[in-house]
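A look at the structure
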Amino acid sequence: MDGREAEKPMLILKDIHKFYGNNEVIKGVSLEVKRGELVTFVGPSGCGKTTLLRLIGGFTDITSGDIILDGRRINDLPPNLRDTRICFQNYALFPHMTVAENVGYGLKVNKWPKEKIAARVKELLEMVELGAFGERMIDKLSGGQQQRVAFARALSLEPKVLLLDEPLSNLDANLRLVMREEIRKLQERLHITTVFVTHDQFEAMAISDRLVVMKNGLIEQVGSPIEIYEKPANEFIAAFVGYVNFMDGRIESVEQTTRNTVVSTAYGKFEITLEQDDIRTGDEVLMVIRPESVNLSIDCKRSGKNILCGNLKTYMYAGSLAKCTVMIGDKKMIIDQYNPRDAKHFKHAEKVEVEIPRSVHLLKKKL
Amino acid sequence: MATAELSLKLQSGSGSKVRDFLNANLINILAAILFLLLAFFLLYPILAVLIKSVWGPDGFTAKYYYSFFSKKYYFQSLSNTLLLGMINTVVCLVVGFCLAYMTTRGPWILRKPLKIISLVPLIAPPYLFALSLIILFGRNGLVTRMFDLQWQLYGFTGVVISQTLAFIPLAFMMIESTLMSLNPNLEESAYDMGASEATILRTITIPLLAPGLLKAALLIFVMTIAEFGNAAILAGRTPFLAPDTYTMITGESDFNMGSVLSVVLIAPCILIFFVHNVLLEGKKFTTIGGKPVASEPRKITPLIKVPFMIVTIVAAGAIFICFAVVVASSFYKILGVTNKFIFSNYLDFTSNQAIYNSIRVSFVAAVIGAIIGVLLSYVIVRGKFFGRTFIEMVSLSGFALPGTVLGIGYLLAFSAPPLKLTGGIMILALNCVFRFLAVGVEAGISKLHQIHIEIEEASADLGASFLTTFFRIVLPIMFPAFIAGFIYTFMTAIVSLSAVVFLVSPGFQLAAVKIFDSAVYGEIGIASATTVKLILIVMLCMAILNFISKKTKVGSSMSRKGVA
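Residues numbered from 1 in each chain as written. Chains lettered and ligands numbered in written order. Predicted model: local features only at pLDDT ≥ 70, side-chain atom pairs only at ≥ 80, totals over all residues. Heavy atoms only, no water.

So, the overall build of chain A
On a plain count of helices and strands, chain A comes out with 10 helices and 20 strands. With the principal axes as the frame, chain A shows a C-alpha extent of 80 × 45 × 45 Å. Among the 367 residues that make up chain A, the fraction classed as buried is 55%. A fraction of 66% describes how many contacts in chain A between residues 6 or more apart in sequence connect residues 24 or more apart. For chain A, the accessible area works out to roughly 17500 Å², and carbon and sulfur atoms hold 49% of it. Taken together, the 52 basic and 50 acidic charged side chains of chain A have centroids lying 2 Å from each other. (Helix = DSSP H or I, 4+ residues; strand = E, 2+ residues; numbered from the N terminus. Buried < 20%, exposed > 50% of the residue type's maximum accessible area, 1.4 Å probe, protein only. Contact = heavy atoms within 4.5 Å. Areas by Shrake-Rupley, 256 points an atom, 1.4 Å probe, with all protein chains shown as cover. Lys, Arg positive; Asp, Glu negative; His and termini not counted. Charge placed at Lys NZ, Arg CZ, Asp CG, Glu CD.)

Re the pattern of salt bridges
Residue and element names in this part refer to chain A. Enumeration according to the criterion identifies 26 salt bridges over all chains in this entry. When the shortest N-O distance is used, the salt bridge between lysine 269 and glutamate 252 registers 3.2 Å. Of this pair, lysine 269 sits in strand β13 (residues 268–273) while glutamate 252 sits in strand β11 (residues 245–254), and the two are 17 residues apart along the sequence. Residue classification places lysine 269 among the exposed residues on the basis of a relative accessible area of 52%. (Salt bridge = Lys/Arg side-chain N within 4 Å of Asp/Glu carboxyl O.)

So, the environment of A:Ala118
Residue and element names in this part refer to chain A. Structurally, alanine 118 is set in helix α4 (residues 114–127). A residue is classified by how much of its surface remains accessible, and alanine 118, at 49% relative accessible area, is partly exposed. Residues alanine 118 and tyrosine 105, spaced 13 residues apart in sequence, show a C-alpha to C-alpha distance of 11 Å.

Concerning the nonpolar core
Core analysis: the biggest nonpolar cluster contains 179 residues, and B:Phe68, B:Leu234, B:Tyr410, B:Leu428 and B:Phe434 have the highest contact counts within it. Counting residues per element, this core draws most heavily on helix α22 (residues 466–495) of chain B, at 15 residues. When sequence neighbours within four positions are dropped, the list of residues in contact with B:Leu428 reads B:Val361, B:Val500, B:Leu503, B:Val504, B:Phe508 and B:Leu510. Within the second largest apolar cluster, 79 residues are counted, among which are A:Leu53, A:Val99, A:Ala100 and A:Met179. (Core = buried A, V, L, I, M, F, W, Y, C linked by side-chain atoms within 4.5 Å.)

Spelled out as structure tokens, the structure:
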């Protein structure tokens, strides 16, 4: 593979639409997935993420648009002729076959010779650390082991794109963390282009190169986990990838060179560093204040820039963090205090000081 | 239950000891009463048949069995019956599979109509097919006369064809439900791995459905060999066990031989029951469940599609034609012979009298059946006493027993004092109650499984006695199951023939028996009209049931009917 080849996207979706009867579930989705990239479709249930995955896999016909896999249009190919392999949410392991038979199923129906199947199955099972489990029946495996078998089976034919439909949702919380690390490690090692579907935004952020946030059959934003979290494109995304405090405001001034910006709100004026170019003096904006970005201290003695005075309503200590509710006038703010060393004092505090950071992200209000 | 009993004890300080005892043991007392009823109306008649088969005028004897196994005629009868069962089973399974495959995997547009046509025979008495075959291919049949054919409908062929058509819906229902329960992702995974449609069928679908298919096959086999109507109408001189039993009793009054024939008919049922349990032991495949969704249509290869479509269309067409022909024939004295459109078939007095009697019997049966069904299901699900599974087994067994057995059994058991019931409406009603009890019990059990015992415990915890809890909490929740049991018993009772044919008295005719008699005596028009009337009644019941199940969601449990 030469350099130019490597830069060509592995998977291209061009203006995909999908109707079920009169119901449009995918409303024009375009996306490019690079070679070796792990891209995650994430969104609330019913956003069309699983449908999109099934469209790529060929289990559902697209109504219009194009799916291009490695430079080849695959719209009309059935799943068995597409170089994509899917791993279903429920694993869909064949319960009447052993682990080895499951993993080797694709090789067998593709008429591989017996010895080669055996060798490949062995290699795959060792890869997912199930080398000794080949002769087991599926129902004698734990959930995590079943997950690995499904993964190995999907990889058996070395697909160009691996499709993972909520693969971790049937595992308990701890195992989920372990498995997502393992999947990511394997994916990076094999450099296999992967489309991952989940409704869990934290899982999505942890595992992906890029996130595709979807809502109502449309892509809301595509970006790296950091971009999505720190620079959400709109209110929906900001709220979807974690808790957020919104505050209405208006741009009072923008200093052109330093990008020092003053936002005036009903609770006072804030100085921040503006990142966007499309926000100007006089614009109505929404401040996106993440709970963990705010500094909280006892008492309300300082006065200064970006400092607000509030009443501490609740203080829920949970070890590594304390969740606080602070009322600033009639405005309720949720604040996460990590490493809460002063918990004893906060428990009894009434007045608190809230410091809004300069890095607050602004959303321009649509008129 | 333990908590319920505990709380019952806690709040019993003020009550008398007798009341406390009743409160704590009511469910057991209820179970005992119900068991006595089952023993008396279900086990005793069966026992009576067994005893009659080995008890001659001079006491115990095996001569009747010896006679059965030594005479060529009986051997013929047995082998015909078994052969009929096997052919029927295979054909029904193949057709049912094709139909179910199309309604669950085929194109969306075909699914609904195919499903309706496949299920339509359920609303008709099974002997409708015998009737329509006579109309089409009988000695004076439409097709026979049109092409001046020289064939013989009466005999093995006729019975096989009519039985097959009659049992397609059952096969379809059972196979469809197993196909639906199969996680579509399994087949999709195989498809994704590069397997063709035929390979998926061979390596995934059929192996995974095998237990369900086997279960369907066994049930169909048992039910076809026991089915009476079609064979009795179309067998002609070919012997089959079920109609032979009838002639043995009504023609020759030979209760001993009749009992032997019945026992021989039960034997395969029991054998198959055990085979089924042994074969399916530990054969249940468990997988991690996702959300079960309807399979999206696949691009089915013509190699599979064409034969499946042919089978499907032939079967659906045959069913449709049979219905159409009976409806048409109800407006002629004999369709194809006298071509004058008449309405008098519908006004026939004896037919309407029979319909009226049938409604009365079925209504009484439905009331009693629904009550006993609800109570039994409660006792089976919530009871903690010894022999609970036995009660469940007995109460569900009536469904699988050949009707002729319970017919003769009731004749033997209840025709002499102290309990002389013959000649009245009660013997017919009770017979229907205990034959079709399975339906009501199943409905009740599945409804009860949806109710957490905590609801009853909460009631008891708040101080309610067992009776209060039962009447205020359990019964209202069970009401949909009661209604379902009621209507199902009614529907099944009104078309059933095989047992009541032994029990009707000359002065008290039933619709099913009237159709049977008319068909045998060649009064095809009246037989058809009576059938159509029965179909209309059943359709009305179905509509009511549908309405109720939409309101209460109890209907889904009804699809298990065939499994009973």
